[in-house]
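# Remarks on the overall topology
What follows is the residue order along each chain.
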Amino acid sequence: MNAICHCDNCKRRTGSAFGWSIYFADEQVVGRSGELRCYEILAREQRRWFCATCGTTLFWTIDSQPGRTGIAGGCLVDPLPPPTRSVVNHGRLAWLCTNVQDGGA
Ligand SMILES: [Zn+2]
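These numbers come from a predicted model, not from an experiment.

A count of helices and strands for the chain gives one helix and seven strands. For the chain, the succession of helices and strands along the chain, N to C, is β-α-β-β-β-β-β-β. A globule of 105 residues ought to have a C-alpha radius of gyration of about 13 Å, and the chain, at 14 Å, matches this closely. Here the C-alpha coordinates of the chain stretch approximately 40 × 35 × 25 Å along the principal axes. For the chain, buried positions account for 18% of its 105 residues. Pairs at least 24 residues apart make up 40% of the contacts formed inside the chain by residues separated by at least 6 positions.

Read from one edge of the open sheet, seven strands run β3-β4-β5-β6-β2-β1-β7, paired in mixed fashion. The two strands at the open ends of the sheet, each matched to only one other strand, are β3 (36-41) and β7 (85-87). Between one strand and the next, the sheet's axes are offset by a mean angle of 30 degrees, whatever the strand orientation. Here five bridges tie strand β2 (residues 19-25) to strand β6 (residues 68-72), and the two strands are oriented antiparallel to one another. Residue Ile 22 lies in a different strand from β6, and its bridge partner there is Ile 71.

What follows covers the nonpolar core. In terms of nonpolar packing, the biggest core is built from nine residues, these being Ala 3, Ile 4, Cys 5, Cys 10, Phe 18, Trp 20, Ala 72, Val 87 and Val 88. In terms of residue count, strand β1 (residues 2-5) provides more of this core than any other element does, three residues in total. Excluding anything up to four places from it in sequence, Cys 10 contacts Cys 5, Phe 18 and Gly 19.

Averaged over the chain, the pLDDT score is 90; the fraction of residues at 70 or greater is 98%. When the elements of the chain are averaged for pLDDT, helix α1 (residues 8-14) gives the smallest value, 90, and β2 the largest, 95.

All right, on to the environment of Ala 25 then. Mapped onto the elements, Ala 25 comes out in strand β2. Overall, the presence of 9 C-beta atoms within 10 Å leaves Ala 25 in the exposed class. As for Ala 25 and Ser 86, which are separated by 61 residues in sequence, their C-alpha atoms are 21 Å apart. Apart from the residues lying within four places of it in its own chain, the contact partners of Ala 25 are Gly 67 and Arg 68.

Cut-offs used in this document
Residues numbered from 1 in each chain as written. Predicted model: local features only at pLDDT ≥ 70, side-chain atom pairs only at ≥ 80, totals over all residues. Helix = DSSP H or I, 4+ residues; strand = E, 2+ residues; numbered from the N terminus. Rg over C-alpha atoms; globule rule 2.2 N^0.38 Å. Buried ≥ 20, exposed ≤ 12 C-beta atoms within 10 Å, placed from the backbone. Contact = placed C-beta atoms within 7 Å. Pairing = 2+ DSSP bridges. Axes fitted to C-alpha atoms, helices over the stretch in contact; angles between N-to-C directions. Core = buried A, V, L, I, M, F, W, Y, C linked by C-beta atoms within 7 Å. pLDDT = per-residue confidence, 0-100.

Okay, structure coming up:
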């Protein structure tokens, strides 16, 4: 899944108007380097790994999606695949305009 999400959790995670997440099978996520730190959100059953140097959230796992790793879309190297879905649209900011197709809630 390659989607933007308008939930409060994604807004807070990114400090922005929405989050952009691209999910891969765990074994597809390779080439991790540098010092990482993990922040565990027990209420969301989520673990987020971030760069220990700059604090950027890099990737995460969620218990409800076993075997998959989410990567922050902005952390990928060009060419960035455009998001194909927009989810949790009830949280979309009124001033935000995108060309991404609504994909749920
Ligand atoms: Zn979200």
